[in-house]
Amino acid sequence: MALSGLDIYKLLPKTNCKECGYATCLAFAMALAQKKVSLDKCPHVTAQARLALESSSQPPIKLVTIGTGESKLELGNETVMFRHEQKFYHPTGIGFLVEDTLSQDELKNRLSKINDLKFERVGQIIKVDLVALKNSSQDKAKFISMVKTAVEATKLNIILISSNADALKEACTIVKDRRPLIMAGSKDVFDSLVTIAKENNLPLVVEGQSLEEIAVSTEKAKSQGIEEMVLYIKEDVLSKKFQKFTLARRSALKKNTRPLGYPLIAFTTQEEPERELEEAISYVTRYANIVILKNIDKDFVFPLLVVRQDIYTDPQKPVQVEPKVYEIGHVTKESPVIATTNFSITYFTVAGEVEGSKVPTYIISCDAEGMSVLTAWAAEKFTAEKIADTLKKCGIEGMVSHKKVVIPGYVAVLSGKLEELSGWTVEVGPREASGLPAFLKGWK
Ligand code: SF4
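Residues numbered from 1 in each chain as written. Predicted model: local features only at pLDDT ≥ 70, side-chain atom pairs only at ≥ 80, totals over all residues.

1. Brief notes about the site of the ligand
Surrounding the ligand, one finds 13 residues, the nearest of these being Cys-17, Cys-20, Cys-25, Phe-28 and Cys-42. Along the lines of polarity and charge, the residues of the shell around the ligand split into 8 nonpolar, 3 polar and 2 charged. (Near = placed C-beta within 6 Å. Nonpolar A, V, L, I, M, F, W, Y, C, P; charged D, E, K, R; others polar.)

Next comes the structure, spelled out in structure tokens:
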């Protein structure tokens, strides 16, 4: 946990010698806490204090990277318990279990379906991240065969799971360029797992029934040079598992418990797709950094990805679309013009209804700092002045042969002033976007 300015001050020499460029040690401590200056500006800090200060500047939850290149998955490095305190940085990796008990055809079919789990929502691509290749057969040859097939069949990041150290070691030689996460699935081969991870510079999964047991294992692995670890809490009772997830995050963030300062992995246990979805969503909202599912039905994966997208959106920065003129359908100079805000959900809701109406339409998204219509109006970000300015600058005047603009019904109050400022005739549209198809069909 980061130290406060006063905590840092207690570790400084307190001589106020000014050699750091600050008038007092306290002023330097405050600047250091805000990361405005580096510790090496004070030449008098003791080795012991330096160690304490440098250690406190490490992230409380270690950043772990699985994969390489553009599709690599970064996990951890989180700093808060609740997203409204700041934001969550690295979205939960969503993956699927693939077992070597499948035939080659079944395996390729499953991998192909997993690869296709990609969707567009509010202008962003949301997709799955991982396949977890498990040596369920206990047969080394089958596991290696599956790994070879998977390397060719998917570009997703990989988790290798086997309680057979030889199988895991050989699989790593095939796939180590993809930087997989490795997992033993059994405590008996933990020492071998550490050796394989060290030899191949790979992240590994540390498992245990209790947080205390896990903390002992992470310390042991760390003492052998392993830096990147992911924690797997073995607990059958779901409510207890969620409690332990919260406790692990709280211990790392609030008590600076370094042995628990690593990302968490969860495997769903429910068989019914609806129950599995509920379980997976609970993991995403309770600090799991990786969730591995069994079912790959698009209808259940999409809502899970939506929940992840919402939770990992910066609460201070709503998802926005570019403020500009959008053409929906084959627009002409006679097509209607609708003004709305650049809040992504607002824009895509309006655009969806316009598309459904089959009436080609221009939509002008005004820069309202990503707020919805009523919020932006209340915050004076969606005003007559703003809409008039957008109409003037966005180029719409050269695209249509009329000067009529439709504004949302909720801001009908802006009509008079907008007409006065812009010279456009203002038509008040429906309050809800769902009213647009009927409104547009009657538009002249
Ligand atoms: S150089 Fe160090 S001892 Fe001197 S004022 Fe700055 S913080 Fe204090």
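2. A few points about the packing of helix H14 (residues 384-393) against helix H15 (residues 415-422)
Interhelical geometry of H14 versus H15 gives an angle of 35 degrees and a closest axis separation of 9 Å. Crossing of H14 over H15 shows right-handed handedness. Contact with H14, carried on its side by Ala-384, Glu-385, Ile-387, Ala-388 and Leu-391, involves Lys-417, Leu-418, Leu-421 and Ser-422 of H15 and no other residues of that element. Grouping the amino acids of the contact of H14 with H15 by side-chain chemistry returns 6 nonpolar, 1 polar and 2 charged. (Axes fitted to C-alpha atoms, helices over the stretch in contact; angles between N-to-C directions. Helix = DSSP H or I, 4+ residues; strand = E, 2+ residues; numbered from the N terminus. Left-handed = near helix turned anticlockwise from the far one by under 90°. Contact = placed C-beta atoms within 7 Å.)

3. Comments concerning the domain arrangement of the protein
According to the domain assignment, the protein contains domain 1 (5-56), domain 2 (64-311) and domain 3 (325-441). Using only C-alpha atoms to locate each centre, domain 1 and domain 3 end up separated by 54 Å. (Domains from an automatic or database assignment.)

4. Points about the environment of Arg-50
Relative to the helices and strands, Arg-50 is located in helix H3 (residues 47-56). Taking the C-alpha atoms as reference, Arg-50 lies 7.9 Å from Leu-39; in sequence the two are 11 residues apart. Excluding its chain neighbours within four sequence positions, the residues that come into contact with Arg-50 are Leu-39 and Val-45.

5. A look at helix H5 (residues 140-153)
When the terminal C-alpha atoms of H5 are compared, their 20 Å separation across 14 residues agrees well with the 20 Å that a helix rising 1.5 Å per residue should span. Within the sequence span of H5, burial applies to Phe-143, Met-146, Val-147 and Ala-150. The arc enclosing the buried residues of H5, seen along the axis, measures out at 100 degrees, which places them on a common side. Turned more than 90 degrees from where H5 packs its buried face, Ala-141 and Glu-152 sit exposed. On its buried side, H5 packs onto strand E3 (93-99), helix H4 (104-115), strand E6 (130-134), strand E7 (157-161) and helix H6 (165-175). (Expected span 1.5 Å × (residues − 1). Buried ≥ 20, exposed ≤ 12 C-beta atoms within 10 Å, placed from the backbone. Arc of directions from axis to C-beta.)

6. Structural notes on helix H9 (residues 238-254)
The end-to-end C-alpha distance of H9, which contains 17 residues, comes to 24 Å, matching closely the 24 Å that a straight helix rising 1.5 Å per residue would cover. All of the buried residues along H9 are Lys-241, Phe-242, Lys-244, Phe-245, Ala-248, Arg-249, Ala-252 and Leu-253. End-on view of H9: buried residues confined to an arc of 160 degrees, all on one side of the axis. Summarising the geometry of H9, the exposed residues directed more than 90 degrees from the buried face are Ser-239, Lys-240 and Lys-254. Where H9 is buried, its residues touch helix H8 (211-223), strand E10 (229-233), strand E11 (264-267) and helix H10 (273-285). Where H9 terminates, the next one or two residues include Asn-256, which has phi positive at roughly 55 degrees.

7. Observations concerning unusual backbone geometry
The phi torsion at Arg-179 lies on the positive side, around 45 degrees, for a residue other than glycine. Residue Arg-179 is classed as buried on the basis of its C-beta count, with 20 C-beta atoms lying within 10 Å. Of note in this structure, Lys-358 is not a glycine but carries a positive phi near 65 degrees. Summarising the element assignment, Lys-358 is placed in the loop between helix H12 (344-357) and strand E15 (361-366).

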